[in-house]
Amino acid sequence: MTAASPLILAAPHPAALTAARRAAERGGNAVDAALAAAAALTVVYPHQCSLGGDLIALVHAPGGSVRAVISVGAAAEAVDIDALRAADRRMPAQGPQTVTVPGVVAGWTALAEAHGTPGALSAALRDAAELAEGGATVSAGLARAIGERAPQIAADPGLTALLTGPDGAQLDEGDPLPQPQLAAVLGTLADDPSSFYRGAVAEALVNGLRRAGSSLTASDLAAHQAQDAEPLTLDLAGTRWWAAPPPSQGASLLAVLETAAAAAKLPEPERTAVLAARCQDASAARDLLLGDPRGPSPIDLDGLLQPAPLAGARAPEPSFRPAGDTVAITAVDASGLAVSLIQSVYQTFGSGICEPETGIVLHNRGSAFSLLPGHPALIGPGLRPPHTLCPVLGRSAELLLAAGCQGGRAQPQILAQTVPDLMDPAADPVAVLDRPRWVIGSRDIGHETQTLLAEPGSVPAGAFPSVVPVVVAPDRTDLAGHTQAVRLSADGRLDGASDPRADGGTILEGNPL
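Visitor: Sorry, what's going on with helix 5 (residues 120-135) here?
Guide: Counting along an α-helix, one turn takes 3.6 residues, and residues three or four places apart therefore face a common direction. Considered for burial, the residues of helix 5 that qualify are Ala 120, Leu 121, Ala 124, Leu 125, Asp 127, Ala 128, Ala 129, Leu 131 and Ala 132. The inward-facing, buried residues of helix 5 contact helix 1 (14-25), helix 2 (30-44), helix 4 (104-115) and helix 9 (180-191).

Now the structure itself:
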């Protein structure tokens, strides 16, 4: 075993923390620990992430360089756009036509090859296989998701096999969650991760998807590669921020962060009013302008970074609420290696399809495509959908921060209310994430029209902004996001926090300087 730099990691589930600790004890670095946590989460959180989802990450190397890993899968080469338009004016919310090539495994491999310790990913996948074989139990969050999606689960043989007990009753909190098919796949991937795209796993997955009605082929999976990309940057008051480029909504985050900085010294409720208006503008610009840079329509990056004011116009409304969404994992070690990794199946249980032979839940990222001619997000052969996943890194002379959150379309809003204060070395990360927050949206937060949903205490009572109607939640809400944040101070101190709205925590391994 080799000695590794002290590290801290934040993740939303205890099993992820255990997996990360094992990786660190084997001598792993921050990326190794994050990948171990990510693999464990695909076992215990099938409603939020799986081998059948996508991944976007940002990595800060010890020397100071930052890169983005974009492992977002594409639509099938054989996608039939006319048939989709004949069925509806919008993409379906779930089902086989919403399954794009899953990018998670390729993203893990890219991160491991560029920044990991040799053999660490294989060891992490074997740990995850052991967890899937019989070590996992149903968490409170998974139990809620099972109850909420009972009809959907009953409609899919794979989900039924995964989420019901021997007596035919749906699983409940604390019940065993054995996944022998997934365990076998994870064991295969530990020997050869490429088999997910060009091998036995790919063959089984494609055959199952074909039976379910998907047009994805073995060639579609074989064509997938994680993208090593230059991140977007923003310099504000001594801090440099990094966000992922399109098809991520990272540009929307930077747009909102810029306004958050400008409005920081305004009194309430003016500060919230200004930031909420900017969030609406950024969200509307994203819905109109974001797509795949590899597509036929150029992406208006300036329009995303400097969104035009709505000025009273009605904001675009999502067609459905992407509940479930995302898991974020953040880690940093004393060498200055930091990662913010986000992986997701999008809606709860993704497409609503679990391929029975592999036990893999497939995402529904394809539902984010547009069917409007000329739209930057228009679905097409080999194109990637616009993405909500929005990791962020920040660095000043005093501090390095890695952060990310669950929250769907509202991720830029949630991060804008947390990460600026986390860049203060004197701030307590636990206290910052514990503070009440608000989000603005419509169907994506459970309202038919644009609404500001406020946790109690997030906006001064009796002085709500007039941007949109305000609804005060009875308590803290998952819609305000699950943020994970870790920091490395210039003096070598490591700290961080996991959102109290989630079920996870942090681990601190080694001897911080």
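Back to the text.
Visitor: What is the right way to look at the sheet that holds strand 16 (residues 482-489) in this model?
Guide: One key point about sheets: their strands pair by backbone hydrogen bonds, in either a parallel or an antiparallel sense. Here six strands make up an open sheet; going across it, the order is 5-6-11-12-16-17 and the pairing antiparallel. Edge positions in the sheet fall to strand 5 (232-236) and strand 17 (494-498), since each has one partner strand and no second. Neighbour-to-neighbour, the strand axes of the sheet open up by a mean angle of 15 degrees, direction not taken into account. In the sheet, strand 6 (residues 239-243) pairs with strand 11 (residues 392-395) via four bridges, with the strands oriented antiparallel. Note that in strand 11 the partner of Trp 242 across the bridge is Leu 393. The sheet strands contacting helix 12 (residues 250-263) are strand 5, strand 6 and strand 11, and the helix crosses strand 5 at an angle near 5 degrees.

Visitor: Mind showing me how you'd approach the nonpolar core here?
Guide: Nonpolar side chains in soluble globular proteins generally cluster together in the buried interior. Formed by 86 residues in total, the largest nonpolar core has its most connected members in Leu 9, Leu 51 and Trp 108. Among the elements that line this core, the one with the most residues is helix 2, at 13 residues. Excluding residues that lie within four positions of it along the chain, Leu 51 makes contacts with Thr 42, Pro 102, Val 104, Val 105, Trp 108, Leu 182, Val 185, Leu 186, Leu 189, Phe 196 and Ile 360.

Visitor: Help me out: how do you make sense of the side chain of Thr 330 in this one?
Guide: By the secondary structure assignment, Thr 330 is in strand 7 (residues 324-333). Owing to a relative accessible area of 0%, Thr 330 belongs among the buried residues under this scheme. Setting aside residues no more than four positions away along its own chain, Thr 330 makes contact with Ile 8, Leu 9, Ala 10, Val 339, Ser 340, Ala 402, Ala 403, Gly 404, Gln 484, Ala 485 and Val 486.

What counts as what
- Residues numbered from 1 in each chain as written.
- Predicted model: local features only at pLDDT ≥ 70, side-chain atom pairs only at ≥ 80, totals over all residues.
- Heavy atoms only, no water.
- Buried < 20%, exposed > 50% of the residue type's maximum accessible area, 1.4 Å probe, protein only.
- Helix = DSSP H or I, 4+ residues; strand = E, 2+ residues; numbered from the N terminus.
- Contact = heavy atoms within 4.5 Å.
- Pairing = 2+ DSSP bridges.
- Axes fitted to C-alpha atoms, helices over the stretch in contact; angles between N-to-C directions.
- Core = buried A, V, L, I, M, F, W, Y, C linked by side-chain atoms within 4.5 Å.

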